[in-house]
Amino acid sequence: MPRPTTLTFTPADLEALGAERYAHPDPRVQQRMEVLWLISQGETQARSGHLAGVSKATVARYVAIFRRHGVAGLKVFQWVKPVGALEAHRVTLEAEFRERPPHTVAEAAERIATLTGVRRKDTQVRVLLKTVSA
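Residues numbered from 1 in each chain as written. Predicted model: local features only at pLDDT ≥ 70, side-chain atom pairs only at ≥ 80, totals over all residues. Heavy atoms only, no water.

### Here's the deal with the layout of surface pockets
Short version of the rule: Put plainly, a pocket is an open set of points on a 1 Å grid over the protein atoms alone with protein on both sides within 12 Å along at least five of seven lines, a cavity is a set where a 1.4 Å probe fits but cannot get out, and a lining residue has an atom within 4 Å of a point. Grid points are joined across faces, edges and corners, and a volume is the space filled by probe spheres set on the points. Helical segments are the DSSP runs of H or I of at least four residues, strand segments are the runs of E of at least two, and each set is numbered from the N terminus. Basically, the charged four are Asp, Glu, Lys and Arg, the nonpolar ten are Ala, Val, Leu, Ile, Met, Phe, Trp, Tyr, Cys and Pro, and anything else, Gly included, counts as polar.
Computed from the structure, the largest pocket encloses a volume of approximately 320 Å³. Forming the walls of the largest pocket are 14 residues, and the residues nearest its centre are Gly-84, Leu-86, Glu-87, Arg-90 and Val-127. By residue number, the principal contributor to the lining of the largest pocket is helix α7 (residues 122–133), which donates 5 residues. Taken together, the residues that form the lining of the largest pocket break down as 6 nonpolar, 4 polar and 4 charged.

### A look at the nonpolar core
Rules: Definition used in this section: a nonpolar core is a set of buried Ala, Val, Leu, Ile, Met, Phe, Trp, Tyr and Cys residues joined via side-chain atoms within 4.5 Å. Between buried and exposed lies partly exposed: a residue is buried under 20% and exposed over 50% of the maximum accessible area for its type, with that area taken using a 1.4 Å probe on protein chains only. The contact criterion used is simple: two residues touch if any of their non-hydrogen atoms lie within 4.5 Å.
Counting residues in hydrophobic clusters, the biggest one holds 17 residues, and the most contacted among them are Val-35 and Leu-36. For this core, the secondary structure elements donating two or more residues are α2 (27–40) and α4 (56–73). Tallying contributions element by element places α4 first for this core, with 6 residues. If we ignore the near neighbours within four places in the chain, the residues touching Leu-36 are Leu-7, Phe-9, Leu-17, Tyr-62, Val-63, Phe-66 and Leu-74.

### Considerations on the environment of Arg-126
Note on placement: Arg-126 falls in helix α7. Its relative accessible area of 41% is what places Arg-126 among the partly exposed residues. Residues Arg-126 and Ala-109, spaced 17 residues apart in sequence, show a C-alpha to C-alpha distance of 9.0 Å.

Below, the structure is given as C-alpha cells:
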C-alpha cells in the first residue's frame, strides 16, 4: 500500500485556517477549516475527524479539496439545485396570475397546462402560486 503524502501548510494557510475556523460566517466552512487546522497541528486525519465530529470519508474529501484548491477551495460549495420545468415559464405565469388570479388550485393547474403544456399536481401548483403571490 502506498504511503500517503503529508500535507504541507504555508504560514498563510495556517493563519487563514486558524482565524476562519471560528470567524467564517458559514459553519460548514468553519468545520472544514477546523479539520485542516487540527491536521496542521499534528493530529491524524482520523483523530481530526473524530474531534470535529465528521467521518473519515468526510475528512478525506476535505483533504482532497485542500490539496487541489488550497484554503480558498474549502470555502466553495458546488451544490446544484434542481430547476423545475415551470421555471422557464415563470414570467408568463406570474403575469397571467396577477392579471387574472385563479379561484382554485385546480383552475390554476389547468391554466398552467394550457399555457405551458406542463402538467403538475395540486401540491406543486400550490407551491408555485405561493411564490407568485409573494
